[in-house]
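# Residue-level structural notes
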Amino acid sequence: MHDIRVVRADPAAFDAAMARRGLPPVADGLLALDTERRAAQTALQEKQARRNALAREIGQGKRAGMDTAALEAEATGLRQDMDGLEKRVPELDAAIKGALEVLPNLLDPSVPDGRDETSNVELKTFGTPRAFSFTPKQHFELGEALGQMDFATAAKLAGARFTVLRGKLARLERALGQFMLDLHTQEHGYVEASMPYLVNAATAYGTGNLPKFEEDLFKTTDGRYLIPTAEVPLTNTVAGEIVPEKQLPIRLTALTDCYRSEAGSAGRDTRGMLRQHQFRKVELVSITHPDHSAEEHERMTRCAETVLEWLELPYRRVLLCSGDIGFASARTHDLEVWLPGQQMYREISSCSNCRDFQARRMNARFRGGAEGKTVAYVHTLNGSGIAVGRALIAVMENYQEEDGSITVPEVLRPYMGGMERIAAA
């Protein structure tokens, strides 16, 4: 959410910032509403002041035996005017809020311009893709041949974009999630949380999922929403709060199922587990002091990268361009893991610095300063640490053998009861 004072201060700069997001100029329309709203508020205050003065004059006149009919008529007219203004001011407040809440965050100057992912900038790479002596298969080919990845049964039960895992692959998925949680809590200082999978509209609004992206969410019959990521409940734990500065940064992590309608993704990744309505993910959330959010963003990205490095999976880090970055983000790093079955890098984590954009929507602040008198908005960050289903895909494809079996990465073997290899029963 943007502060209207930022638009007032430099309308041209605000329009230029929105233009980087591919949006037309909006400042003039916002300022017209703002001007009308401030004029209406001023008029309301002036009429209230005049009505208060009239009340005193009428009282004095009646005590002196004067005819106060004209004064009373003026007061009645003022009351009628005030009724209209008292209705108009909140209407204008709502119009300004409605116009601002669908505008994306301002981009960091370092974000490259571009229309889509082809303009993202590679920042680093890790590892060398394995040289196979055979043609590597995609994960769904491997999983179906193992008899442990079942798309037909999932479609019978729930429809397209669902998967049933069985046996050792189901255990491998569980092992990946537990490994990530242990790494982030024991090595990276995140506090594990168990969060609701259903949230109310205010919570979905706080992270920017509503109102603009309601079609991407699954809504229940009682008005709640299934979470698209644990970012939503984790970040909102500070909604409406004033956090003591000494408690910052707050670092939280959770392993949850996530639910997305995948609106607009028809025809994309229709085979396999890459794009699902339900998937599992370990989420990282940080609530920070504004002065430290840039370094926290780098720290969070490194925490996610460490997961891939411990799994010995080749990946690259990219900086998202203006046309590919998320609505609430000011700067985003994507981690893309190498999938030999596709012979390409695919996203497995996004780590974003939202600065105070979400905090304004949630009214999440901190109290600090020498005497504790400074109150300001926190900065919020979120990242996948990492997507468990996509990690399963990456492990299957990178650790596949010519006979169709999967070698279990060493770091996961303690979570697999010492198992070294997954093969067909």
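Because the structure is predicted, anything quoted here is derived from the model rather than measured. (Residues numbered from 1 in each chain as written. Predicted model: local features only at pLDDT ≥ 70, side-chain atom pairs only at ≥ 80, totals over all residues. Heavy atoms only, no water.)

## Description of the sheet that holds strand β14 (residues 374-377)
What counts here: We call two strands paired when DSSP finds no fewer than two bridges between them. Here a strand is any run of E in DSSP of at least two residues, a helix any run of H or I of at least four, and the numbering for each starts at the N terminus. For every element, the axis is a line fit to its C-alpha atoms; helices are fit only across the contacting stretch, and the angle between N-to-C directions ranges from 0 to 180 degrees.
Taken in spatial order, the three strands of this open sheet run β7-β13-β14, and their pairing is mixed. If you trace the sheet from one side to the other, it starts and ends with β7 (242-244) and β14, each paired once. Strand after strand, the sheet turns through a mean of 35° between neighbouring axes, direction not considered. Judged from the three bridges that link them, β7 and strand β13 (residues 365-368) form a sheet pairing that is parallel.

## Quick look at the side chain of Arg 361
Convention followed: Relative accessibility decides the category of a residue: with a 1.4 Å probe and only protein chains considered, values under 20% of the type maximum give buried, values over 50% give exposed, and everything between is partly exposed. Positive charges come from Lys and Arg, negative ones from Asp and Glu, while His and the chain ends are left out of the count. In the sections that follow, a salt bridge refers to a side-chain nitrogen of Lys or Arg positioned within 4 Å of a carboxyl oxygen of Asp or Glu. Whenever two N or O atoms come within 3.5 Å, that pair is a polar contact, provided that in protein one can donate a hydrogen and the other can accept it, and provided that, for residues adjacent in sequence, both atoms are side-chain atoms. In this description, contact between two residues means that some pair of their heavy atoms is separated by no more than 4.5 Å.
Looking at the secondary structure, you find Arg 361 in helix α11 (residues 357-362). For the buried Arg 361, no salt bridge exists, and the shortest N-O distance to an oppositely charged side chain is 5.1 Å, to Glu 101. Among the polar contacts made by the side chain of Arg 361, one reaches the main-chain carbonyl oxygen of Leu 210 at a distance of 2.6 Å. Residues within four places of Arg 361 in sequence aside, it is in contact with Met 1, Glu 101, Tyr 205, Gly 206, Gly 208, Leu 210, Pro 211 and Phe 327.

## Overview of the domain arrangement of the protein chain
Counted only if it meets this: As used throughout, domain bounds are those supplied by an automatic or database domain assignment. Simply put, the buried area is the total loss of 1.4 Å probe accessible area from both parts when two parts are fitted together.
Segmenting the protein chain into domains produces domain 1 (4-102) and domain 2 (117-422). Each of domain 1 and domain 2 has a C-alpha centre, and the two are 45 Å apart. Every contact between the two is made by five residues of domain 1 and, on the other side, nine residues of domain 2. Of the roughly 630 Å² buried between domain 1 and domain 2 on both sides combined, carbon and sulfur atoms contribute 42%. When the buried area of domain 1 at its contact with domain 2 is split by residue, Arg 21, Glu 101 and Val 102 rank highest and sum to 77% of it. On the surface where domain 1 and domain 2 come into contact, there are zero salt bridges. Between domain 1 and domain 2 we count seven residue pairs in polar contact (both at pLDDT 80 or more) in total.

## Let's talk about the packing of aromatic side chains
Our working definition: Each aromatic pair joins two rings of Phe, Tyr and Trp (for Trp, the six-membered one) with centres within 6.5 Å, and gets the label stacked for planes under 30 degrees apart, edge-to-face for over 60, and tilted for any other angle. The rule is short: NZ of Lys or CZ of Arg within 6 Å of the ring centre and within 35 degrees of the ring normal puts a charge over the ring.
The final tally for this structure, using the stated rule, is eight aromatic pairs. Ring centres 6.5 Å apart and planes at 55° place the aromatic pair Tyr 197 and Tyr 259 in the tilted group. Of this pair, Tyr 197 sits in the loop between β4 (191-192) and β5 (198-199) while Tyr 259 is found in strand β8 (residues 250-259), placing the two residues 62 residues apart along the sequence. Aromatic pair Trp 338 and Tyr 345: ring centres 5.2 Å apart, planes at 65°, arrangement edge-to-face. Three or more aromatic residues joined by ring pairs form one cluster here, namely Phe 179, Trp 310 and Tyr 415. Above the face of the Tyr 205 ring, Arg 361 is positioned so that its terminal group lies 4.3 Å from the ring centre.

## Observations regarding the UniProt feature "coiled-coil region" (unreviewed entry) in the protein chain
The test is simple: UniProt positions are given in the numbering used here, feature names are shortened, and annotations may be inferred rather than shown by experiment.
UniProt marks residues 37-88 with the feature "coiled-coil region" (unreviewed entry), using the numbering shown here. The straight-line gap between the two end C-alpha atoms of residues 37-88 is 8 Å; of that span, 90% is helix and 0% is strand.

## Some words on the sheet that holds strand β12 (residues 344-355)
Consider a sheet: its strands pair through backbone hydrogen bonds, and that pairing is either parallel or antiparallel. Strand order in the open sheet formed by eight strands is β1-β10-β11-β12-β15-β9-β8-β4, with mixed pairing between adjacent strands. The sheet is open, and its two borders are formed by β1 (121-126) and β4, each paired with just one other strand. Two elements, β4 and β8, share two bridges in a ladder whose sense is parallel. Within β8, the residue paired with Glu 192 across the bridge is Thr 253. Lying over the sheet, helix α7 (residues 167-186) contacts β4, β8, β9 (278-288) and β15 (379-387), oriented at roughly 165° with respect to β8. This element, helix α10 (residues 293-310), spans β1, β8, β9, β10 (315-319), β11 (331-339), β12 and β15 of the sheet and lies at about 5° to β15.

## Describing the pattern of salt bridges
A full pass over the atoms with the stated rule returns 35 salt bridges. Here the salt bridges do not stand alone but share partners, grouping Lys 124, Glu 298, Arg 302, Glu 305, Glu 309 and Arg 317 into one network.

## Some details on the nonpolar core
Applied cut-off: Definition used in this section: a nonpolar core is a set of buried Ala, Val, Leu, Ile, Met, Phe, Trp, Tyr and Cys residues joined via side-chain atoms within 4.5 Å.
Ranked by internal contacts, the top residues of the largest apolar core, which has 48 residues, are Leu 169, Leu 176, Met 180 and Ile 422. The set of elements that each furnish at least two residues to this core consists of α5 (139-146), α7, β9, α10, β11, β12, β15 and α12 (388-398). Counting residues per element, this core draws most heavily on α7, which supplies eight residues. Excluding residues that lie within four positions of it along the chain, Leu 176 makes contacts with Leu 311, Val 388, Ala 391, Leu 392, Val 395 and Leu 412. Ranked by size, the runner-up nonpolar core spans 20 residues in total, among them Phe 14, Val 199, Ile 227 and Val 232.

## Looking at the environment of Ala 328
Mapped onto the elements of the fold, Ala 328 is located in the loop between β10 and β11. When the C-alpha atoms of Ala 328 and Pro 104 are compared, they prove to be 5.9 Å apart, with 224 residues separating the residues in sequence. Beyond its immediate stretch of four places on either side in the chain, Ala 328 contacts Asn 105, Thr 207, Cys 354, Phe 357 and Gln 358.

## Observations regarding the environment of Pro 409
In this fold, Pro 409 is placed in the loop between β16 (406-407) and β17 (421-422). Taking C-alpha positions, Pro 409 is 9.9 Å from Met 396, a pair spaced 13 residues apart along the chain. Setting aside chain neighbours within four positions, we find Pro 409 in contact with Leu 311, Val 395 and Tyr 399.

## Quick word on the UniProt feature "binding site: L-serine" (unreviewed entry) in the protein chain
The sites that UniProt annotates as "binding site: L-serine" (unreviewed entry) are Thr 229, Ala 230, Glu 231, Arg 260, Glu 283, Asn 382 and Ser 384. Within the secondary structure, Glu 231 is located in helix α9 (residues 231-235). Using a relative accessible area of 12% as the deciding quantity, one classes Glu 231 as buried. Ignoring any residue separated from it by four or fewer positions in sequence, one finds Glu 231 in contact with Thr 207, Glu 283, Val 285, Gln 358 and Asn 382. Looking at the element boundaries, Glu 283 is found in strand β9. Of the residues examined, Glu 283 reaches a relative accessible area of 2% and is grouped as buried. Each residue touching Glu 283, except ones within four places of it in the same chain, is listed here: Thr 229, Ala 230, Glu 231, Leu 234, Leu 252, Thr 253, Ala 254, Asn 382, Gly 383, Ser 384 and Gly 385. Here Thr 229 takes part through its side chain, which lies 3.3 Å from a polar atom of the side chain of Glu 283.

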